[in-house]
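# Analysis of the macromolecular model
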Amino acid sequence: MRTQRQVVDYSLQRRSVLRDVRNGKVSPLEVCDASPYLKNAATFHGEPTDERCPICRRDNLTLVHYVYGDELKQSAGQAHKVAELSVLAMTLRECQVFVVEVCRSCSWNHLIERYVLGRDALDEDESPIQWKTGSVSQVGEGRR
């Protein structure tokens, strides 16, 4: 997605939690604690993956995308399908997306990624080209 920026990947934290489960330091019951709301969001708004659940190995994981932002008002914090994110990115100035993986069988869940979407990135991409006169040839001449 073109306006996706400030990406934070939580894969190292995920690997650490899974290592602790396999070593017996953490009980699977402690990490398989998805709320009924998260499991419903996975059912109705989630995107299926080809990756098996790392805990139960019964089902494939589902990705749920939660969107937060001031412009969303009452709908902030709702789950959205991936196809809806491109529309939100073009209509909102800025919003944060949190991607959670969920197993609907054993309730494993983990935040895997966070990023910012929105039109503000389009303005930032165009700003270096349009100094003073807006001419491309004037880009290097702004600080002489």
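Residues numbered from 1 in each chain as written. Predicted model: local features only at pLDDT ≥ 70, side-chain atom pairs only at ≥ 80, totals over all residues. Heavy atoms only, no water.

### Regarding the overall build of the protein
If you tally the helices and strands in the protein, you get five helices and six strands. The linear arrangement of helices and strands in the protein, starting from the amino end, is β-α-α-α-β-β-β-α-β-β-α. The buried share of the protein, reckoned over its 144 residues, is 37%. For the protein, the computed accessible surface area is about 9200 Å², with 48% contributed by carbon and sulfur atoms. (Helix = DSSP H or I, 4+ residues; strand = E, 2+ residues; numbered from the N terminus. Buried < 20%, exposed > 50% of the residue type's maximum accessible area, 1.4 Å probe, protein only. Areas by Shrake-Rupley, 256 points an atom, 1.4 Å probe, with all protein chains shown as cover.)

### A few points about the packing of aromatic side chains
One pass over the structure, following the stated rule, counts one aromatic pair. Note on Tyr 68 and Phe 98: the rings are 5.6 Å apart at their centroids and 85 degrees apart in plane angle, and the pair reads as edge-to-face. Linking Tyr 68 in strand β3 (residues 60-68) with Phe 98 in strand β5 (residues 95-102), this pair joins segments that are 30 residues apart in sequence. (Phe/Tyr/Trp six-rings, centres within 6.5 Å; stacked < 30°, edge-to-face > 60°.)

### Some details on the nonpolar core
Formed by 13 residues in total, the largest nonpolar core has its most connected members in Val 67, Leu 85, Leu 88, Val 97, Val 99, Tyr 115 and Leu 117. Residue assignment for this core shows that the elements contributing at least two residues are β3, α4 (82-91), β5 and β6 (109-117). For Leu 88, the contacting residues outside a window of four places in its chain are Val 67, Leu 72 and His 80. Counting 11 residues, the second largest nonpolar core, distinct from the first, contains Val 21, Val 26, Cys 32 and Cys 103. (Core = buried A, V, L, I, M, F, W, Y, C linked by side-chain atoms within 4.5 Å. Contact = heavy atoms within 4.5 Å.)

### Points about the side chain of His 110
Within the secondary structure, His 110 is located in strand β6. Every residue in contact with His 110, bar those within four places of it in the chain, is listed here: Tyr 10, Gln 13, Arg 14, Val 17, Val 99, Val 100 and Glu 101.

### Structural notes on α4
For α4, every residue scored as buried is listed here: Leu 85, Leu 88 and Ala 89. All buried residues of α4 fall inside an arc of 100 degrees around its axis, so they share one side. The exposed residues of α4 that point more than 90 degrees off its buried face are Ala 83 and Val 87. The secondary structure elements touched by the buried residues of α4 are β3, β4 (78-80), β5 and β6. (Arc of directions from axis to C-beta.)

### With respect to the side chain of Glu 101
With respect to the secondary-structure elements, Glu 101 resides in strand β5. On the basis of relative accessible area, Glu 101 is assigned to the buried category, the value being 3%. A polar contact of 2.5 Å, which involves the side chain of Glu 101, links it to the side chain of Arg 14. Sequence-distant contacts of Glu 101, that is, excluding residues within four places in its chain, are made with Arg 14, Leu 61, Thr 62, Leu 63, Trp 108, Asn 109, His 110 and Ile 112. (Polar contact = N/O pair within 3.5 Å; in protein donor to acceptor, adjacent residues only side chain to side chain.)

### Notes on the confidence of the model for the protein
For the protein, mean pLDDT is 83; residues scoring 70 or higher make up 81% of the total. Contacts for the low-pLDDT stretch residues 125-144, under 50 throughout, to residues beyond four places or in other chains number 10 contacts. (pLDDT = per-residue confidence, 0-100.)

### Details of helix α3 (residues 36-45)
Those residues of α3 lying buried are Leu 38, Ala 41 and Ala 42. Projected down its long axis, α3 shows its buried positions confined to an angular sector of 100 degrees, all on one face. Turned more than 90 degrees from where α3 packs its buried face, Pro 36, Tyr 37 and Phe 44 sit exposed. Contacts made by the buried residues of α3 are with β3, β4, β5 and β6.

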